[in-house]
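# Survey of secondary and tertiary structure
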Amino acid sequence: MAKTLKLETKLTNGEFYISSLAIGILEGMKSGTVPFKEGIWSLGRPAFWNSFDNANSLSDDLLNCIKTFDEIDAIKSASSQESALKVIEKLLTSLHTCQKNSLLNSSDLKLFSLIE
């Protein structure tokens, strides 16, 4: 059985950590260190963001950014890598705003980890 890593924090901290993770993945895609396919499906899977849709724990702006991840590949295929990079830049701008706003609502960013 494969080991799993679980990270836990208060629900109110989710906006900060998910926006931070998304920024890192997009920066990796932009620089070429993270292949587009892996970056897109790391957070862009509906199984990931659907769980937050019902919890009302993430802002609409952050959810929209995460849901746009799977469109990056289609844009790259239909247009060009340059067009996809423009979308990534727009997402990064939005995600930085989400990250900044999340810090206004929470000063307790404790994160717990568990390997099972």
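The model shown is predicted, which means the values in this text are computed figures rather than measured ones. (Residues numbered from 1 in each chain as written. Predicted model: local features only at pLDDT ≥ 70, side-chain atom pairs only at ≥ 80, totals over all residues. Heavy atoms only, no water.)

For the protein, the count of helices and strands is five helices and two strands. Mapped from its N terminus to its C terminus, the protein presents α and β elements in the order β-α-α-α-α-α-β. Its C-alpha atoms give the protein a radius of gyration of 15 Å, within 12% of the compact-globule value 13 Å for 116 residues. Dimensions of the protein, computed from C-alpha atoms along their principal axes, come out at roughly 40 × 40 × 25 Å. (Helix = DSSP H or I, 4+ residues; strand = E, 2+ residues; numbered from the N terminus. Rg over C-alpha atoms; globule rule 2.2 N^0.38 Å.)

Our focus in this paragraph is the confidence of the model for the protein. For the protein, per-residue confidence averages 88 on the pLDDT scale, and 97% of positions sit at 70 or higher. Across the protein, the element-wise mean pLDDT spans from 80 in helix H3 (residues 46-53) up to 95 in helix H1 (residues 14-31). (pLDDT = per-residue confidence, 0-100.)

Pairs may arise between side chains of opposite charge once their charged atoms sit close together. All told, the structure shown has four salt bridges when counted by the stated rule. Glu89 is the salt-bridge partner of Lys30, the closest N and O atoms lying 2.8 Å from each other. Here the residue Lys30 occupies a position in helix H1, and Glu89 occupies one in helix H5 (residues 81-105), the gap between them amounting to 59 residues. According to the relative accessible area criterion, Glu89 is partly exposed, its value standing at 36%. Taken together, the shared-partner salt bridges in this structure form one network comprising Glu27, Lys30 and Glu89. (Salt bridge = Lys/Arg side-chain N within 4 Å of Asp/Glu carboxyl O. Buried < 20%, exposed > 50% of the residue type's maximum accessible area, 1.4 Å probe, protein only.)

We now examine helix H2 (residues 36-43). Within H2, the full set of buried residues consists of Phe36, Gly39, Ile40 and Leu43. Buried residues of H2, viewed axially, fall in a sector of 95°; they line one side. (Arc of directions from axis to C-beta.)

Here the focus is the packing of aromatic side chains. The full count for this structure, using the stated rule, is one aromatic pair. Ring centres of Phe16 and Tyr17 lie 5.1 Å apart, and the angle between their planes is 80°; this geometry places the pair in the edge-to-face category. Overall, the relative accessible area of 17% leaves Phe16 in the buried class. According to the relative accessible area criterion, Tyr17 is partly exposed, its value standing at 22%. Seen from the ring of Phe36, Lys76 lies directly overhead, with NZ or CZ sitting 4.6 Å from the centre. (Phe/Tyr/Trp six-rings, centres within 6.5 Å; stacked < 30°, edge-to-face > 60°. Lys NZ or Arg CZ within 6 Å of the ring centre and 35° of its normal.)

Our focus in this paragraph is the packing of H2 against helix H4 (residues 60-78). Where H2 contacts H4, the axes come no closer than 7 Å and their chain directions differ by 155°. Judged by the inter-axis angle, H2 sits roughly antiparallel to H4. Read as a crossing pair, H2 and H4 show a hand that is left-handed. Facing H2, whose interface residues are Phe36, Gly39, Ile40, Trp41 and Leu43, H4 presents Ile66, Phe69, Asp70, Ile72, Asp73 and Lys76. (Axes fitted to C-alpha atoms, helices over the stretch in contact; angles between N-to-C directions. Parallel < 35°, antiparallel > 145°, perpendicular 65-115°, else oblique. Left-handed = near helix turned anticlockwise from the far one by under 90°. Contact = heavy atoms within 4.5 Å.)

Inspection of the secondary structure puts Glu15 in helix H1. Polar side-chain contacts of Glu15 include one of 2.6 Å to the side chain of Ser59. (Polar contact = N/O pair within 3.5 Å; in protein donor to acceptor, adjacent residues only side chain to side chain.)

Locating Ser57 in the fold gives a position in the loop between H3 and H4. Look past the residues within four positions of Ser57 in its chain and what remains in contact with it is Leu11, Glu15 and Phe52.

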